[in-house]
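An overview of the molecular structure
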Amino acid sequence: MRFLSTLKFRTKLNLGICCILVVMAVLLLTLVGNMSAKLLIEENKKRGSALAQSLAARAVEPILAQDFLRLKNMVDEQVAMGDVVYVFVQNNRGHVLAHTFQKGFPLDLVKANGVADGDTVHIQLLANGAERIYDFASPVRVGVDRLGTVRVGLSKTRINASVHRQLTTMAGLFAGALFLTTIMGTLFARQVTRRLATLREHAEAMLMGNLDTQSGPDVGTHCWERMKCGLKSCPAYGDTRRRCWYIAGTLCPDCGDTKIGDRQSSCQLCRVYRESAGDELQDLAETFDVMAISLKTHIEELRSAERSLRDQERLMRTILDATPDRVSLVDTTMRYQGANLSFAASVGMELSELKGKTDFDLFEETVAEERHMAARDILQSGRRLDTQLRVVEESVERWYHVVCIPVYEEDGRIGGLLRTDRDITDLKGYEKQLIQAQKMESLGMLAGGVAHEINTPLGIILGYSQLLQEDVKEGSQIHQDLGIIEKQAKVCKKIVADLLGFSRQTDSAKREMCFNNSVMEAVSLVRHTFKLDRVEIVTELDDRFPVIYGDPEKLKQVWINLLNNSRDAMLRRGGAIVIRTRLDSPSGIVSLWVADTGEGIPADKLGKIFDPFYSTKPVGRGTGLGLSVSFGIIEDHGGQIMATSPVPASFNFPLSAEGEERGPGTLFEVDLPLDHADTGENTKANKPETGVTGNE
Amino acid sequence: MVAATGKVGNGWMGRIARWAGMVLLLAAALSCAGCGDDEPVVKVDLNKRERLMAPKPLEAITYAYLPQYSHTISFQRHRALLKYLRTATGLPLRQIFPDTFDEHIKMVQRGEIDISYSNPFVYLQLAKVGATAFARSVEPSGKPDFRGQVICRSDNPTIKSIADCKGKRWIAVDPGSAGGYLFPLGLFYDHGIHLHDFAEVDFAPGPGGKQEKVVLAVHAGAYDIGTIRKGTLDVVAQKIHRDDIRILAETRPYPGWVYSARQGLDPEVIRAVASAMFALDPDNPDQAAILGAAGMRRIIPARDEDYEPVRELVEKLGIQ
């Protein structure tokens, strides 16, 4: 059976035909041979009987007349007929009167057969060696009188030979039929296999992606040409690749409202169908073509959908990857199905590696356990998670806003979880700063109010102490005590003035002023004192002498504050202070830098140096208001002040100014606008903003 | 069939069973091819041949009937009579069958026929070679004489009478026939018609059955007229329709057929045979059947003188 199934269709067909023919031939030849042999023998028996009886009738006269010549002629003329072996005539006493044998008579024959008086003929099969002979004995009678017997011998061997001839002829005919049917079968099978091969080739081509094959024959005359309908809106109109009965929604009046499935039966009566439809193979090929066309259409639709999907995915991926939030999706088994770049970067993996991983593959055990439990809760409850999470990463505190929502399938089941971790550390910082700023604002207002109220009594104390000094003798104990009271009252007044300045409750007197002069005035005031502390002041002023709009006294106070601050940073070891000014005409800004070779400020404290009452100096050395007041004055001038520590190399600290014991140093930068138009007089003294409070 | 009766569990077994069935069927068909050769056979050897010994001829008194009919009819007519004669006389009588009238005459002359039963015309010739008449038959009509007949086709419009026979084609039985030639020739002669007046005169081809052949020749239209012995039409009644043939004329009666003995036959034999013949009684049903088969009513004694009218006719016509 396996062998049969591997055979080619043509071979199978031929084999089948040959088998049928051979079996038919064997059966028919056997049966027909047998039947015809029997029939032929019967026929020959009848013929022999008729011959014997005829001879018996004809022998009457010659026997009566004792005419042996006529008898001899009569028997001899029978032997001339092919299968008659012998004829002889006996008289009523058994004597042979005439016979056809040459040279004597075989006496065996006389008694080999006989016929009773009442019978017309008796047939006996004789065997002469291999030869078989039918012996017919017929009585020669006149009325009831028996004159003798006629004996005729017909060769059965020759009958058999004619049967064989007949069988040979039939076998020849069968062989011819076999040959013809094999040729016909081959031709037929070739036609079928050729068409099947075309179908197979096209199927292979389809597998290779070529859907433009045509298996069916050319359509020939199209339906719209045959019907002359002119219905250009009909879907079949102009379709040269499909038969109209494969197209739905044709508008031909003969088509009716039938669907494609019913079309085959309803189209049987259509003229177009009757003239164009082919056999089953053609139907198959045409259906194949229609399938290829629909497949092509579907594939194109699929490709288009796929393209659109890919575009959407790319867009989605871009959006997801653009966000700094960490977005991830896990399925119900807690395995990651997708994430964005931010998430992948946070766990130190490629996006492609993430799929299928669990929290335990990505995070350390405690974190993973936490995430896992949270996810399991949401999967079970279906409630969304919305919380803020504090995480310490490498000893740095970070805050995250975590949103985790269940993702529902079409059937309402939870199919996974979408988790978003948004970094809100900065936001948290701002929040903290805002609270501090509000606190500082309240404190400033309180301090301002208190200073304003204390200022008048202090003035009275100072005035009276001075008046009293005039009343007492100079150098006396009372005069010295009053001098101490006056001095301390002046210190208090200075503190109050600073507080008022910080809260900007003092009036400002702004005018056009030379920026360099203001700086040089301040430097000349302190240069001598600083020298005593071994502090050298180096000035590198812009020689273009920029002019700004400002309050010269207050700005001078700022410069002196900065210089004092720098001197205090030297911790009495001595060093150098560099003051540099530079005009940036295009930006409309004039900048001042004050750099020192002091101890510098630690990074974590840089952000707080402009806060009021913040001081690193010992108690009694500073009020903690110097830089705060400076900040307030600069802000009042529409500028900004920043501190950097240590001094960056880009500052190009002049070598001549460097002392032996040089520290990291601090650099203050003050930027003031040349234009005074936007310097609001009403600007309040606020807590410094993030952008102006130094560097990180 | 195995497939039909056996409960075959699966397809594999079913296929085996089907194939087996087909093979069995084929085998049965093939075995039928061997049938039919079961007839009993007698073994002979056709090569073992011997020269045939001639049968020893039996001594017998030969009896011959002038072959006016076929040998078969001659045999059938006289078979019973001969059997009776053999029984009645105790003599070994045997019928022999000469083919022609001439042969009959010559056999009598040669002594091969001992007792001859012939027509009066042939008898005249036998008498010339020494034969002697001793008995004669009485016709079924009851008369000891018989006639000849002239016949034609019933639908022949040209022949109405004897005179119309002139110029016609005539078939007669035999130049030696009495009723079939001689008597009608006398009739034509009496009507002034001679042999040369006919367009054609032919005789029926021999041997034997000549009377019937004349009737059949006329019936077939090969000849216009034919002449036969009266009574022949009854003989051929099985072969043709009686109405197809018209009897145009009959001759005068002449003495009937005659038994004659050859010259030199033992008179005792003649006497014994004659007396046995005469003893046949038409009233005896058995003997009447014997006579009837031979076409006679009875057999009566005869003498040579009884045939003078025939002799005269022969002389008148100038025939030898």
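Note that the structure is a prediction, hence the values are computed from the model and not measured.

**Considering the overall build of chain B**
From N to C terminus, chain B includes 11 helices and 15 strands. Expressed as a percentage of the 320 residues in chain B, the buried residues total 38%. Considering only contacts in chain B between residues 6 or more positions apart, those separated by 24 or more positions represent 76%.

**Quick word on the confidence of the model for chain B**
All names here are of chain B. Residues at a pLDDT of 70 or more form 88% of chain B, whose mean pLDDT is 85. The secondary-structure element of chain B with the lowest mean pLDDT is helix H1 (residues 2–5), recorded at 38, while strand S9 (residues 169–172) shows the highest, at 94. The low-confidence segment residues 1–9 (pLDDT under 50) makes 13 contacts with residues lying over four places distant or belonging to another chain. Segment residues 32–36: pLDDT under 50, and 9 contacts once partners within four positions in sequence are set aside and those in other chains are kept. Across the assembled chains, the prediction reports ipTM 0.72 with pTM 0.48.

**Quick look at the nonpolar core**
By size, the foremost hydrophobic cluster in this structure holds 73 residues, and its most contacted members are B:Ile151, B:Val214, B:Val218 and B:Ile225. In terms of residue count, helix H6 (residues 178–190) of chain B provides more of this core than any other element does, 7 residues in total. Counting residues domain by domain, this core receives three or more from each of domain 1 (61–144 + 255–317) and domain 2 (148–252) of chain B. Other than its neighbours up to four places away in sequence, B:Ile225 contacts B:Val150, B:Ile151, B:Cys152, B:Ile159, B:Cys165, B:Lys168, B:Trp170, B:Val218 and B:Leu248. In this structure, A:Ala52, A:Leu126, A:Leu147 and A:Val152 belong to the second largest nonpolar core, which totals 39 residues.

**A look at the interface of chain A and chain B**
At the junction of the two partners, chain A supplies 30 residues and chain B supplies 29 residues. Broken down by element, the side of chain A that touches chain B gets its largest block of residues, 11 residues, from helix H2 (residues 9–65) of chain A. Relative to strand S2 (residues 49–50) of chain B, strand S3 (residues 105–106) of chain A runs antiparallel, the two being bridged by 2 bridges. Paired with A:Pro106 across the two strands is B:Arg49, which belongs to S2(B).

**Here's the deal with the packing of helix H5 (residues 120–128) of chain B against helix H11 (residues 308–317) of chain B**
All names here are of chain B. Their axes nearest at 9 Å, the elements H5 and H11 cross at an angle of 90°. As summarised for this structure, H5 and H11 are arranged roughly perpendicular, according to the angle between their axes. For the pair H5 and H11, contact is made by Pro120, Phe121 and Leu124 and by Val310, Arg311 and Val314, respectively. Looking at the contact of H5 with H11 residue by residue, the classes come out as 5 nonpolar, no polar and 1 charged.

**Notes on the sheet that holds strand S11 (residues 225–229) of chain B**
All names here are of chain B. Spatially, 5 strands are ordered S10-S9-S11-S8-S12 in an open sheet, and the strand pairing comes out mixed. If you trace the sheet from one side to the other, it starts and ends with strand S10 (200–203) and strand S12 (245–250), each paired once. Recorded for the sheet is a direction-independent mean angle of 30° between the axes of neighbouring strands. Pairing between strand S8 (residues 148–153) and S12: 5 bridges, direction antiparallel. Paired with isoleucine 151 across the strands is isoleucine 247, a residue of S12. Across the face of the sheet, H6 comes into contact with S8, S9, S11 and S12 while running at roughly 115° to S11. Sheet strands touched by helix H7 (residues 210–219): S8, S9, S11 and S12. Its angle to S11, the strand with the most contacts, is close to 155°.

**Things to note about the pairing of strand S14 (residues 547–550) of chain A**
All names here are of chain A. The side-chain alternation of S14 yields one buried face, formed by Ile548 and Gly550, and one unburied face, formed by Val547 and Tyr549. Pairing of strand S12 (residues 511–514) with S14, which is carried by 4 bridges, proceeds in the antiparallel orientation. When the sheet's bridge partners are listed, arginine 511 is paired in S14 with glycine 550.

**Considering the sheet that holds strand S4 (residues 93–96) of chain B**
All names here are of chain B. Spatially, S4-S3-S5-S14-S6-S15 is the arrangement adopted by the 6 strands of the open sheet, whose pairing is mixed. For this open sheet the edge positions go to S4 and strand S15 (298–301), each flanked by a neighbour on one side alone. Pairwise comparison of adjacent strand axes, ignoring direction, gives a mean angle of 25° for this sheet. Bridge analysis of strand S3 (residues 61–65) against strand S5 (residues 115–118) gives 3 bridges, and the strand direction is parallel. Within the sheet, the bridge partner assigned to tyrosine 65 lies in S5 and is tyrosine 117. Taken strand by strand, helix H9 (residues 267–278) contacts S3, S5, strand S6 (132–138), strand S14 (258–261) and S15, and its axis lies near 135° from that of S15.

Calculation rules
- Residues numbered from 1 in each chain as written.
- Chains lettered and ligands numbered in written order.
- Predicted model: local features only at pLDDT ≥ 70, side-chain atom pairs only at ≥ 80, totals over all residues.
- Helix = DSSP H or I, 4+ residues; strand = E, 2+ residues; numbered from the N terminus.
- Buried ≥ 20, exposed ≤ 12 C-beta atoms within 10 Å, placed from the backbone.
- Contact = placed C-beta atoms within 7 Å.
- pLDDT = per-residue confidence, 0-100.
- Core = buried A, V, L, I, M, F, W, Y, C linked by C-beta atoms within 7 Å.
- Domains from an automatic or database assignment.
- Pairing = 2+ DSSP bridges.
- Axes fitted to C-alpha atoms, helices over the stretch in contact; angles between N-to-C directions.
- Parallel < 35°, antiparallel > 145°, perpendicular 65-115°, else oblique.
- Nonpolar A, V, L, I, M, F, W, Y, C, P; charged D, E, K, R; others polar.

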